[in-house]
Amino acid sequence: MENRYNIERKNIVLVGNKNAGKSTLFNELIGFQKSIVSNKEATTTDPVFKSMELIGYGAVKFVDTAGFNDNSAIGKLRVEKTKDEILLSDLILHIISLDELAFEYKDSKKEFLSFLKEKLTKISKDYKDLKKKYIFVFTKSDKNFSFKDELLKENFLLISNVNKNFWYDRLIKKIIEKLKEDCFEKGLLDGLVKEKDNVVLVVPIDTEAPEKRLILPQVEVIRECLDKNINVSITKPDCLSDCIKNLSKIDLVITDSQAFDIVSDILPKELRLTSFSILFARKKGNIDKFLQGAKYLKKLKDEDIVLISESCIHTKSHEDIGTVLIPNLILKKLGKKIKFEFSHGKFIKTDISKYSLIIQCGGCMMSKNDMQNRIKKAKENNVPITNYGIVLSYLKGVFDRARF
Ligand code: SF4
């Protein structure tokens, strides 16, 4: 089923050995030369990114990476970065050049297709272990290669920069098919509301709100309501009383987590309430794990360190939710000398074992993969993890009425 609710960008990561043609393919896919291409090996050092709209699918980000077989000291660091990108990927394009294949096969005593099957099975095992989708792409198909017909008969993708018309559409089609495979993702509102229900969104327009626009979580919820024929009304906290008076039936109220207490005071107790951050925790994270993690808030002791983890870097204000609001509320509520550290961006490389609790942002700009990797890493390090919306519902005294 086509996933029409998917606004998040899917990461498509190009990997392979040095000089396999990854950067050439990357440039062809994005339509201009962003990655530097040369005949010298290891031209791509750090990953190169390009976001674009894939017609027929939606928003994607192509990522060009350094080659796997770079054994220099710096090369090993580059390979680590490539592995990080694999962990964050939604689809891997594994590039093998016909040069490389011919070189590897020349001493093999096996029949070509058995040799190839063995090679690809070995590579696929790592991707399968990581539960990653992948496509093999054979580059430099304009070169002489004795077994080209066998590859074509087996329906492999053969490409070269001299016959783009032959492969481009096929590759894009294959990428879209793979991205859509088993891709029915849970919607933000699944299990909470149904067609024709009435939803009220409460959006504070404070100093944190961007000028003249809504933020992604709000836009994504509105779009999902439209897609699912759910009626949606939008208001600010100070207009909420009037708004609910004008509606004969309300099935769910969704607020910014910061306004949980104000909204809860205004709403009649029987009305169901949740927050944007909680909706994203349900969709991308593991709500049960986050709820379990929230129980550790009460257990925090003097000198415990809490990691507040945000995925984006943004300027800070005196009302900043992550660096100001949540730490202050925790200190006030618990009265303990708790320390806070902050991480912005990926925390794959961070040593998280010293933390007593991780509080993760809503993750509206994160892929589900990134969120799942964080939860996995927290579990491996025995560190409880929870989420902004859940923590704020507890700190603002609305945990018992909030819908998770
Ligand atoms: S991903 Fe996290 S830090 Fe970035 S905008 Fe969304 S909630 Fe804020």
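Rules used throughout
- Residues numbered from 1 in each chain as written.
- Predicted model: local features only at pLDDT ≥ 70, side-chain atom pairs only at ≥ 80, totals over all residues.
- Heavy atoms only, no water.
- Core = buried A, V, L, I, M, F, W, Y, C linked by side-chain atoms within 4.5 Å.
- Buried < 20%, exposed > 50% of the residue type's maximum accessible area, 1.4 Å probe, protein only.
- Helix = DSSP H or I, 4+ residues; strand = E, 2+ residues; numbered from the N terminus.
- Contact = heavy atoms within 4.5 Å.
- Expected span 1.5 Å × (residues − 1).
- Phe/Tyr/Trp six-rings, centres within 6.5 Å; stacked < 30°, edge-to-face > 60°.
- Lys NZ or Arg CZ within 6 Å of the ring centre and 35° of its normal.
- Pairing = 2+ DSSP bridges.
- Axes fitted to C-alpha atoms, helices over the stretch in contact; angles between N-to-C directions.
- Near = heavy atom within 4 Å.
- Nonpolar A, V, L, I, M, F, W, Y, C, P; charged D, E, K, R; others polar.
- Patch = residues over 30% accessible without salt bridge, like charges linked within 9 Å, V, L, I, M, F, W, Y side chains within 5 Å.
- Areas by Shrake-Rupley, 256 points an atom, 1.4 Å probe, with all protein chains shown as cover.
- Salt bridge = Lys/Arg side-chain N within 4 Å of Asp/Glu carboxyl O.
- Lys, Arg positive; Asp, Glu negative; His and termini not counted.
- Charge placed at Lys NZ, Arg CZ, Asp CG, Glu CD.

Asker: Looking at this structure, I do not really get the nonpolar core. What am I missing?
Answerer: Side chains of a nonpolar character, in soluble globular proteins, are inclined to be buried together. If you look at the biggest cluster of nonpolar residues, it comprises 50 residues, and the most contacted ones within it are V253, V263, L267, V306, I326, I330 and I359. It is helix α14 (residues 388-395) that provides the largest number of residues to this core, a total of six residues. Non-local contacts of V263, meaning those with residues more than four positions away in its chain, are made with V202, L240, V253, T255 and L273. Counting 25 residues, the second largest nonpolar core, distinct from the first, contains A20, Y57, F62 and L157.

Asker: Explain the environment of V15 here, please?
Answerer: Following the sequence through the fold, V15 ends up in strand β1 (residues 10-16). Judged by relative accessible area, V15 falls into the buried class, the value being 0%. In the structure, V15 is positioned 357 residues away from Q372 in sequence and 22 Å away in space, judged by C-alpha atoms. Beyond its immediate sequence surroundings of up to four residues, V15 is in contact with K22, T65, F68, T82, I86, I92, L93, H94, I95 and Y127.

Asker: How should I be thinking about helix α7 (residues 216-227) in this particular structure?
Answerer: At 3.6 residues per turn, the α-helix brings residues three or four places apart onto the same side. Under the 1.5 Å per step criterion, the end-to-end length of α7 is 16 Å for twelve residues, consistent within 8% with the ideal 16 Å. Its buried side turned inward, α7 meets β7 (198-202), β8 (231-235), β9 (252-255) and α10 (276-284). Looking at the residues trailing α7, positive phi occurs at N229, about 55°.

Asker: Sorry, what's going on with the packing of aromatic side chains here?
Answerer: Here a ring pair, both rings aromatic, is described through the centre-centre distance and the interplanar angle of the planes. Counted under the stated rule, the structure contains twelve aromatic pairs. Measuring from centroid to centroid gives 5.6 Å for Y127 and Y134, while their planes differ by 40°, and the two rings are tilted. Each member of the pair Y127 and Y134 is classed as buried. Centroid distance F145 to F147: 6.0 Å. Interplanar angle 70°. Geometry classified as edge-to-face. The exposure class assigned to F145 is buried, which follows from its relative accessible area of 10%. Clustering of aromatic rings is evident, with ring pairs tying together Y105, F112, F115, F145 and F147. Over the ring of F103 we find K106, and its NZ or CZ is 4.5 Å from the ring centre. Above the plane of the ring of Y296 lies K299, whose end atom (NZ or CZ) is 4.5 Å from the centre.

Asker: I would appreciate a short explanation of the sheet that holds strand β13 (residues 357-360) in the present structure.
Answerer: Either a parallel or an antiparallel arrangement is found when strands of a sheet pair, and the pairing is made through backbone hydrogen bonds. The four strands are arranged β12-β11-β13-β14 in an open sheet whose pairing can be described as parallel. Looking at which strands have only one partner, the edges of the open sheet turn out to be β12 (339-344) and β14 (385-387). Taken over all neighbouring pairs, the strand axes of this sheet differ in orientation by 25° on average, direction set aside. Of the pairings in the sheet, the one linking strand β11 (residues 305-310) to β12 comprises six bridges and is parallel in character. Looking across to β12, one finds that I308 is bridged to F342. Lying over the sheet, helix α11 (residues 287-294) contacts β13 and β14, oriented at roughly 100° with respect to β14.

Asker: Looking at this model, I keep getting lost on the site of the ligand. Mind explaining?
Answerer: As a structural note, the neighbourhood of the ligand is formed by E310, S311, C312, C361, G362, G363, C364 and M365. When the residues that make up the shell around the ligand are grouped by side-chain class, the tally is four nonpolar, three polar and one charged.

Asker: Hey, could you run me through a positive patch on the surface in this one?
Answerer: Where like charges cluster on the molecular surface, the positive patch consists of K295, K298, K299 and K333. Along the polypeptide, K333 turns up in helix α12 (residues 321-334).

Asker: Can you walk me through the pattern of salt bridges in this structure?
Answerer: Side chains carrying opposite charge are able to pair once their charged atoms draw close together. As enumerated under the stated definition, the model contains 23 salt bridges in all. Between K119 and E104 there is a salt bridge whose closest N-O contact spans 2.9 Å. Taken together, the residues K119 in helix α4 (residues 112-129) and E104 in helix α3 (residues 98-105) connect sequence positions 15 residues apart.

Asker: So what exactly am I meant to see when it comes to the sheet that holds β7 here?
Answerer: If you trace the four strands from one edge of the open sheet to the other, you get β8-β7-β9-β10, paired in parallel fashion. Looking at the sheet topology across the chains shown, the edges are occupied by β8 and β10 (273-275). Strand after strand, the sheet turns through a mean of 25° between neighbouring axes, direction not considered. Across three bridges, β9 lies against β10 in parallel orientation. What sits directly across from V253, in β10, is L273. Packing against the sheet, α7 makes contact with β7, β8 and β9, and its axis sits at approximately 170° to β7. Its contacts with the sheet place α10 against β7, β9 and β10, and it is angled at close to 75° to β10.

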